[in-house]
Amino acid sequence: MTKIHLLMKKEDIKEEKMAVGNKIAVVLDVLLATTTIVSALKDGAKEVIPVLHSSEALGVAKEFSQGEYVLAGELEARPIDGFVYPSPTVIGEKINGKTLILSTTNGTVALRKSAQAERVYIGSLLNNPAVANSLLHYMDDHTILIICSGNSGETSLEDFYGAGHLIDCLQNQGEFELTDAAKTALYFYRGQDDSYEVLLDSYVGRLLEKHNLHPDLKVAASIGITSIVPILTEGKVAVEPTLSRKID
């Protein structure tokens, strides 16, 4: 039986172990990195390049011509000079046909630290059902690691909730062996009635509310609105070609 592990924050990722033992990783940063990635791809982004910091982002941008990319990022939730804030609603207006170069404090770092896994998915409330469907095709003799990016070394409510949602999607389609952490996330998710209220009640959610970013909160809380399945391959995120389709 396939086992599901849950890591509570990016600091729990052991990079040297990711390549051992047929591991499949699903990275979640509900507010906002993975939601932004999924949303950007839904809105027509060519690809997304997650980077570790703004200096790397600027270096990557030099590989493109002006107008071919959108440079977006934040550091400790603060805007970076010269970067678009990683808002799904703002980026969605300008990303069609372009590459998104994205630097965030937690989510893009978690993705890069997970890169040695056999397969790396990008999950969010928007596409967790589709990710669960895809996982069913690849999980034989594999271990699934659901990775909450967390918030600068702390557990984040929104990622824990998102992990529970993904586990619920998987449980509805088959039987899995869950660690205690995975069970806890599942039970928490099933005990909630309103995804928007959960996200709003989180630390990052309150910050977004303070800065009048309610539209981004609403996007992040939208469950199952797209069936795209983003995969990280050789440092770039693109939509899985054969199993993805947009939900009308």
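Residues numbered from 1 in each chain as written. Predicted model: local features only at pLDDT ≥ 70, side-chain atom pairs only at ≥ 80, totals over all residues. Heavy atoms only, no water.

**A few points about the pattern of salt bridges**
1) Next: One pass over the full model with this rule turns up 8 salt bridges.
2) Next: Here Asp12 and Lys9 are joined by a salt bridge, their closest N and O atoms 3.2 Å apart.
3) Next: Here Arg190 ties to Asp168 by a salt bridge, and the two come within 2.7 Å at their closest N and O atoms. With Arg190 in helix α8 (residues 180-190) and Asp168 in helix α7 (residues 157-171), the pair connects residues that are 22 residues apart, well separated along the chain. (Salt bridge = Lys/Arg side-chain N within 4 Å of Asp/Glu carboxyl O. Helix = DSSP H or I, 4+ residues; strand = E, 2+ residues; numbered from the N terminus.)

**Description of the confidence of the model for the protein chain**
1) Next: Averaged over all residues, the pLDDT of the protein chain equals 95, while 97% of them reach at least 70.
2) Next: Considering only residues more than four positions removed or in separate chains, one finds that residues 243-248, a stretch of pLDDT under 50, has 15 contacts. (pLDDT = per-residue confidence, 0-100. Contact = heavy atoms within 4.5 Å.)

**Section: the packing of α7 against α8**
1) Next: Direction vectors running N to C along α7 and α8 enclose 95 degrees, while the axes themselves pass 7 Å from each other. In this view, α7 runs roughly perpendicular relative to α8, as classed from their interaxial angle. In this structure, α7 uses Leu157, Phe160, Tyr161, Ala163, Gly164, His165, Ile167, Asp168 and Gln171 to contact α8, whose residues at the interface are Ala181, Ala182, Thr184, Ala185, Leu186, Phe188, Tyr189 and Arg190.
2) Next: Broken down by class, the residue content of the contact of α7 with α8 amounts to 11 nonpolar, 4 polar and 2 charged. (Axes fitted to C-alpha atoms, helices over the stretch in contact; angles between N-to-C directions. Parallel < 35°, antiparallel > 145°, perpendicular 65-115°, else oblique. Nonpolar A, V, L, I, M, F, W, Y, C, P; charged D, E, K, R; others polar.)

**Structural notes on the pairing of strand β3 (residues 47-51)**
1) Next: Buried residues dominate β3, accounting for 5 of its 5 residues.
2) Next: Inspection of the sheet shows β3 paired to strand β6 (residues 99-103) by 5 bridges, in the parallel sense. Within β6, the residue paired with Pro50 across the bridge is Leu102. (Buried < 20%, exposed > 50% of the residue type's maximum accessible area, 1.4 Å probe, protein only. Pairing = 2+ DSSP bridges.)

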